[in-house]
Amino acid sequence: MKQYNKEARVTLVGAGPGSSDLISVRGLKVLKQADVVLYDALTDVALLDEVADGVPKIYVGKRCGKHSFVQDQINSMIVENAFTYGHVVRLKGGDSFVFGRGSEELEYVESFGIPVAVVPGVSSAIAVPASQGIPVTKRGVSESFWVVTATTKEGGLSKDFQLAAQSSATLVILMGVRKLVEIAKEIVMYRKSYTPIAVVQNGTLPNENCITGTLNDAVHISNKMDLSCPGIIIIGDVVADHPSFFEDAIQRVVDMEL
């Protein structure tokens with residue numbers, strides 16, 4: 001394989017939670033210095049306009065049931081493009097190290113002697129609830145929060161759900177919209193059925209959508225969601241801070257009476 005004169009190197013850049021203007025200043029600077037960009041499905045494509053003309057932009061996104069490449073292929077592509085072009089910017093949604101498999105990519109690339117830098121990103125686990133006015137911690141309400149994935153390597157729910165549900169902490173669940181009803185059934189074993197819950201899809205984007213309710217509304221909420229779209233689930237009393245939480249609750253009562 002031909003190697004260009006430029007030094008092979010890789011930078012993992014967290015693109016932020018959705019909207020292109022939520023990338024960090026450092027991340028944007030590095031993106032403009034790329035010789036090739038590999039970007040994923042949770043990246044606002046508007047960021048690609050910041051890449052210099054003529055720089056290859058390669059989509060390697062993975063969505064449920066729609067994987068353009070498996071992770072091993074992506075790892076190899078990062079290394080191949082570094083040796084071919086020089087500076088690879090691996091642009092990943094949110095933060096690379098929060099369920100982004102960034103550590104796996106870093107370890108693989110470093111095994112070839114290629115230097116790797118990391119630019120942290122704003123994690124959707126915190127930013128998306130905040131964009132809806134939902135704090136993950138609040139004095140007197142929630143002293144801590146758990147960030148849990150609903151999609152484990154084995155395919156089932158993480159055992160951490162049981163531990164998290166038994167705490168008083170806010171639960172922030174990623175990659176779980178398709179399992180909302182299953183998650184609610186697990187959590188309600190340890191928390192009251194009227195515990196507030198919110199599901200946010202397309203967080204921080206113009207078409208952001210938030211549905212609020214309680215654990216016993218899980219089926220109703222699931223029926224209202226676009227299950228083909230990823231989202232974030234927030235469970236805990238802090239969800240009651242959402243501006244429409246009580247309005248939604250009243251509307252559900254009205255709908256039930258009709």
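Structure's up top.
For clarity, every value in this text was computed on a predicted model and none was experimentally measured.

### A word on the environment of glutamate 50
Its location among the elements puts glutamate 50 in the loop between strand S2 (36-39) and strand S3 (57-59). Counting along the chain gives 17 residues from glutamate 50 to glutamine 33, while the straight-line C-alpha distance between them is 9.7 Å. Ignoring anything within four residues of it in the chain, the contact list for glutamate 50 reads Leu28, Leu31 and Lys32.

### So, unusual backbone geometry
Unlike most non-glycine residues, arginine 101 shows phi in positive territory, near 60 degrees. For arginine 101, a relative accessible area of 38% corresponds to the partly exposed category. Phi angles above zero are rare outside glycine, and asparagine 202 is one such case at about 55 degrees.

### Looking at the state of the cysteines
Inspection of the entire model under this criterion finds zero disulfides. Cysteine 229 provides the cysteine sulfur closest to cysteine 210, a residue in no disulfide bond, and the two sulfurs are 13 Å apart. For cysteine 229, a relative accessible area of 11% puts it in the buried group.

### Describing the packing of aromatic side chains
Across all of its chains, the model carries three aromatic pairs by this definition. Plain terms: the ring middles of tyrosine 39 and tyrosine 59 are 5.5 Å apart, the flat faces sit at 55 degrees to each other, and that makes the pair tilted. Remark: tyrosine 59 occurs in strand S3 and tyrosine 39 occurs in strand S2; sequence separation between them is 20 residues. Since its relative accessible area comes to 13%, tyrosine 39 is described here as buried. Residue tyrosine 59 is classed as partly exposed on the basis of its relative accessible area of 36%. Seen in terms of ring centroids, phenylalanine 245 and phenylalanine 246 are 5.2 Å apart; in terms of plane orientation they differ by 80 degrees. Their pairing is edge-to-face.

### Here we look at the side chain of serine 96
Along the chain, serine 96 turns up in the loop between strand S6 (87-92) and helix H3 (102-110). Overall, the relative accessible area of 1% leaves serine 96 in the buried class. Discounting residues that sit within four places of it in the chain, serine 96 has contacts with Leu12, Val13, Gly14, Arg101 and Gly102.

### Overview of the pattern of salt bridges
Under the definition given, this model contains six salt bridges. A salt bridge links aspartate 35 to lysine 6; the shortest N-O distance between them is 2.7 Å. One end of the pair, aspartate 35, is in the loop between helix H1 (25-31) and S2; the other, lysine 6, is in the segment before strand S1 (9-14), with 29 residues separating them in the sequence. Here lysine 6 falls in the partly exposed class, since its relative accessible area comes to 46%. Among the ionic pairs, glutamate 105 bridges to arginine 90, the shortest N-O distance being 3.3 Å. With glutamate 105 in helix H3 and arginine 90 in strand S6, this residue pair connects regions lying 15 residues apart in the sequence. The residues glutamate 105 and arginine 90 share a single accessibility class, namely buried. Look at the salt bridges and you will find they share partners, linking Arg90, Lys92 and Glu105 into a network.

### Section: the pairing of strand S11 (residues 209-214)
In terms of burial, S11 is a largely internal element, five of the six residues being buried. The pairing of strand S10 (residues 196-201) with S11 spans six bridges and is classified as antiparallel. Paired with proline 196 across the bridge in S11 is threonine 214.

### Observations concerning the pairing of strand S8 (residues 145-149)
Relative to strand S9 (residues 170-174), S8 runs parallel, the two being bridged by five bridges. Looking across to S9, one finds that valine 147 is bridged to valine 172. For the crossover that starts at S8, traverses helix H5 (residues 160-165) and ends in the parallel S9, the hand is right-handed.

Rules of the game
- By convention here, each chain's residues receive numbers from 1 onward along its written sequence.
- Thresholds applied to this predicted model are a pLDDT of at least 70 for local features of residues and 80 or more for the giving and counting of side-chain atom pairs; totals over whole chains, interfaces and linings are not thresholded and use all residues.
- Just so you know, side-chain values use all the structure's heavy atoms and leave hydrogens and water out.
- Helix numbering and strand numbering both begin at the N terminus, where a helix is a DSSP run of H or I of at least 4 residues and a strand a DSSP run of E of at least 2.
- Here, two residues are considered to be in contact whenever any of their heavy atoms come within 4.5 Å of each other.
- Working definition: with a 1.4 Å probe on protein chains only, accessible area under 20% of the residue-type maximum means buried, over 50% means exposed, and in between means partly exposed.
- Only a pair of cysteine sulfur atoms within 2.5 Å counts as a disulfide in this structure description.
- Only the six-membered ring of Trp is used, alongside the rings of Phe and Tyr, when aromatic pairs are assigned; centres must lie within 6.5 Å, and planes under 30 degrees apart are stacked while those over 60 apart are edge-to-face, with the rest tilted.
- Counted as salt bridges are all cases of a side-chain nitrogen of Lys or Arg within 4 Å of a carboxyl oxygen of Asp or Glu.
- Here the rule is simple: two strands pair whenever DSSP picks up at least two bridges between them.
- Orient the strands so they point away from the viewer, and a crossover whose first-strand-to-second-strand path over the helix runs clockwise is right-handed.

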